[in-house]
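Chain and residue survey
Below, each chain spelled out in residue letters.
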Amino acid sequence: MKKLVWWSVLAVIFFSIGCGPSAEESNDGTEILVEEINEEYGFVTDSFLVIKDKVRKNQNLSEILLPYGVPYATIDMIARASKEVFDVRKLAAGKPYTIFCTKDSSGYATCFIYEANPRDYVVFNLRDSLHVYMGKKPIEKRTQYVKGTVNSSLYVDLQNRGADPVLAIELSEIYAWTIDFYRIQKGDAFEILYTENFVEGESIGVDRILSCTFTHYDKPIKAYYFEEEGEKGYFDENGNNLKKAFLKAPVKFSRISSGYSMKRFHPVQKRFKAHLGTDYAAPTGTPIVAVGDGVISEAKYKPNNGNYVKMRHNSVYETQYLHMSKIKSGIKPGARVQQGDVIGYVGSTGLATGPHVCFRFWKNGKQVDHRREELPSALPIAENLMAKFKLVIAKNDSLIPVSQPKAVNIVVGNPVKR
Ligand SMILES: [Zn+2]
């Protein structure tokens, strides 16, 4: 990390601007001499011989430090002293480290720094008072914008535009109640304004989607993130909650292997019969989640259903999940679960040809096709917060570039350090 030091004194001498101005004040079009001080982990690197490497397979602290003149006794002491802060047995192969050595002829290591992850590092001070402490590199939060159409898969399309594909997962969560992400198609469009965290210019991941528009079957659906007085989540431009009472599916990233139908050929029974559920094929062991808050009414084994769970959400709706390899422990009649809680795992128990979850949806005691139901929406933005919400909309919309001939990932707004 480079730190710029403004030589205001020199600036005054050379440019004779006024009487004792600060560096910033004297910067009125004239050039100011700047000296760069190289700094890393809070150390002025110019004062040391700096060695950078990565931990090799099965390499331990003494193997790393012995060649740099650190006696075994010191290494043993520091290893013991560090236990509270960092266990040196956890040095992992492939992780980068830095050794600061004296610039004199001895070249002894005075400090060893291990990067536990891109943000957190451990400083082992090997000189004078041996001590160990954790440090954090500053995070720079950048506001970014990406736009495009779906060509292959949302994941790949985002990647092709230089954006973090994890945004696909974030989108599928924001729109879990409004768009069936197993059904998105070529020509659907996305526009995402988001913040991303950077450490030393390298991305360490998406922070949050601020606002987005997903156009599905030519219908754009906007979402704005809003957090105020306990309300938080994504809302459309009118303040309606994007969250509906139920998730669209009980498993993530599965595919529908068989839809709800009054007449389908049963693959096991070899005859036509009604299929009053939606089958989601997914690998055995994939977690199955409750599509809404509710109370478990049944959790057991039956020859056709296999291991299954049924739950009641309210006076109108019930859902059921069949063919589980295992019902999650604690899921039994009377247990309360929340939307998104894992209730069991995909399997092929009972009458099933392969691993899938047969998802059944009841409305007023009758099985219905949940994908055709108009499901109720969660609470909108409260009246007294609408003015604040409108400001968020205006601010986010103003950050979207006006013309963008090539849909690429670009940085907008000023980077914020924290
Ligand atoms: Zn089924």
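Keep in mind it's a predicted model, so treat the numbers as computed, not measured.

Helix and strand content of the protein chain: 7 helices and 27 strands. Classification of the 418 residues of the protein chain by burial places 28% in the buried group. Taking all contacts inside the protein chain whose residues are at least 6 apart in sequence as the whole, residues at least 24 apart take part in 61%.

Moving on to the sheet that holds strand β8 (residues 131–136). The 5 strands are arranged β4-β5-β6-β7-β8 in an open sheet whose pairing can be described as antiparallel. The open sheet is flanked by β4 (49–54) and β8, the only strands paired with a single partner. Across this sheet, the average inter-strand angle for adjacent strands is 20°, counted without regard to direction. Here β4 runs beside strand β5 (residues 96–101); their pairing, made up of 6 bridges, is antiparallel. Bridge pairing in β5 places Lys52 opposite Thr98.

Right, let's talk about the pairing of strand β6 (residues 109–115) for a bit. Where burial is concerned, most of β6 is hidden: 5 out of the 7 residues are buried. Direction of pairing for β5 relative to β6: antiparallel, over a ladder of 5 bridges. Bridge assignment links Phe100 to a residue of β6, and that residue is Cys111. Examined bridge by bridge, β6 and strand β7 (residues 120–125) share 5 bridges and lie antiparallel to one another. Considered in β7, the bridge of Phe112 is made with Phe124. Hairpin connection from β6 to β7: 4 residues lie between these consecutive antiparallel strands.

Our next topic: the sheet that holds strand β22 (residues 326–327). Taken together, the 3 strands give an open sheet; going across it, the order is β18-β24-β22, and neighbouring strands pair in antiparallel fashion. Where the open sheet ends on each side, the last strands, each with one partner, are β18 (287–289) and β22.

Time to look at the nonpolar core. Within the largest apolar cluster, 57 residues are counted, with the highest numbers of intra-cluster contacts made by Leu171, Tyr175, Cys212, Ile288, Val309, Tyr321 and Val357. Of the residues that make up this core, three or more belong to each of domain 3 (140–244 + 387–417) and domain 4 (255–372). If we skip the residues at most four places from it in the chain, Ile288 touches Pro250, Val251, Tyr321, Met324, Val342, Ile343, Gly344, Tyr345, Val346 and Val357. Ile75, Val88, Ala109 and Val122 belong to the second largest nonpolar core, which has 21 residues in total.

As a further point, take unusual backbone geometry. Of note, Glu200 is a non-glycine position whose phi angle comes to about 50°, a positive value. Within the secondary structure, Glu200 sits in the loop between β10 (189–199) and β11 (202–216). Located in the positive-phi region is Asn364, a residue other than glycine, with phi close to 50°. Its place among the elements puts Asn364 in the loop between β25 (356–363) and β26 (366–368).

What follows is about the confidence of the model for the protein chain. Confidence in the prediction for the protein chain averages 84 pLDDT; 83% of positions are at 70 or higher. Every residue in residues 1–30 scores below 50 in pLDDT, and together they form 36 contacts with partners more than four places removed in sequence or on other chains.

Reading the values: the criteria
- Residues numbered from 1 in each chain as written.
- Predicted model: local features only at pLDDT ≥ 70, side-chain atom pairs only at ≥ 80, totals over all residues.
- Helix = DSSP H or I, 4+ residues; strand = E, 2+ residues; numbered from the N terminus.
- Buried ≥ 20, exposed ≤ 12 C-beta atoms within 10 Å, placed from the backbone.
- Contact = placed C-beta atoms within 7 Å.
- Pairing = 2+ DSSP bridges.
- Axes fitted to C-alpha atoms, helices over the stretch in contact; angles between N-to-C directions.
- Core = buried A, V, L, I, M, F, W, Y, C linked by C-beta atoms within 7 Å.
- Domains from an automatic or database assignment.
- pLDDT = per-residue confidence, 0-100.

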